Every structure is written in structure tokens, then in C-alpha cells.
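Commentary on secondary and tertiary structure
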Amino acid sequence: MVKARCMRCREQVEMKDKTEKVTKNNLRRAAGVCPKCGTKVSRILGKA
Ligand SMILES: [Zn+2]
């Protein structure tokens, strides 16, 4: 599981429904939703 910071809960949460994408800047980005409140969360994983 990938952890990300939820802006709403203001804490680290485990990303739900995680998907990985590569941004224009060639960075791997994981996107998903917070399991507690359902807010979208994302995190940069590093270079692709
Ligand atoms: Zn949350």
C-alpha cells in the first residue's frame, strides 16, 4: 500500500483505489482516495 497525506484528515493515510500515472515532467505519481473521508490524494513516487 502507498501512503499519502490527506489534506482533509491532515494525516498519512493508506491510498485506496490507487492508480499510477506518469506526469509531463516524467515523474511517477500515485493517485487514489483517502479511505476515511474519500478525498482524492496523490503522491509523487519518483522519476519514471
Ligand atoms: Zn481523509
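**Some points on the nonpolar core**
Among the nonpolar cores identified, the biggest contains six residues, and these are Ala4, Cys6, Val13, Met15, Cys34 and Val41. Apart from residues no more than four positions distant in its own chain, Cys6 is found in contact with Glu11, Val13, Cys34, Cys37, Thr39 and Val41.

**A word on the sheet that holds strand 5 (residues 40-47)**
The strand order 3-4-5 describes an open sheet built from three strands, whose pairing is antiparallel. Two strands bound the open sheet, and with one partner strand each, they are strand 3 (16-22) and strand 5. Averaged over all pairs of adjacent strands, the angle between their axes in this sheet comes to 20°, without regard to strand direction. The pairing of strand 4 (residues 27-33) with strand 5 spans seven bridges and is classified as antiparallel.

**Focus: the environment of Ile44**
Relative to the helices and strands, Ile44 is located in strand 5. Considering only alpha carbons, one finds Ile44 and Val22, 22 residues apart in sequence, at a separation of 9.5 Å. Among residues more than four places away in sequence, those in contact with Ile44 are Leu27 and Arg29.

**Remarks on unusual backbone geometry**
Although it is not a glycine, Arg10 sits at a positive phi angle of roughly 60°. Here Arg10 shows up in the loop between strand 1 (3-6) and strand 2 (11-14). Not every positive phi belongs to a glycine, and Asp17 is a case in point at roughly 50°. Mapping Asp17 onto the fold places it in strand 3.

Conventions used here
Residues numbered from 1 in each chain as written. Predicted model: local features only at pLDDT ≥ 70, side-chain atom pairs only at ≥ 80, totals over all residues. Core = buried A, V, L, I, M, F, W, Y, C linked by C-beta atoms within 7 Å. Buried ≥ 20, exposed ≤ 12 C-beta atoms within 10 Å, placed from the backbone. Contact = placed C-beta atoms within 7 Å. Pairing = 2+ DSSP bridges. Helix = DSSP H or I, 4+ residues; strand = E, 2+ residues; numbered from the N terminus. Axes fitted to C-alpha atoms, helices over the stretch in contact; angles between N-to-C directions.

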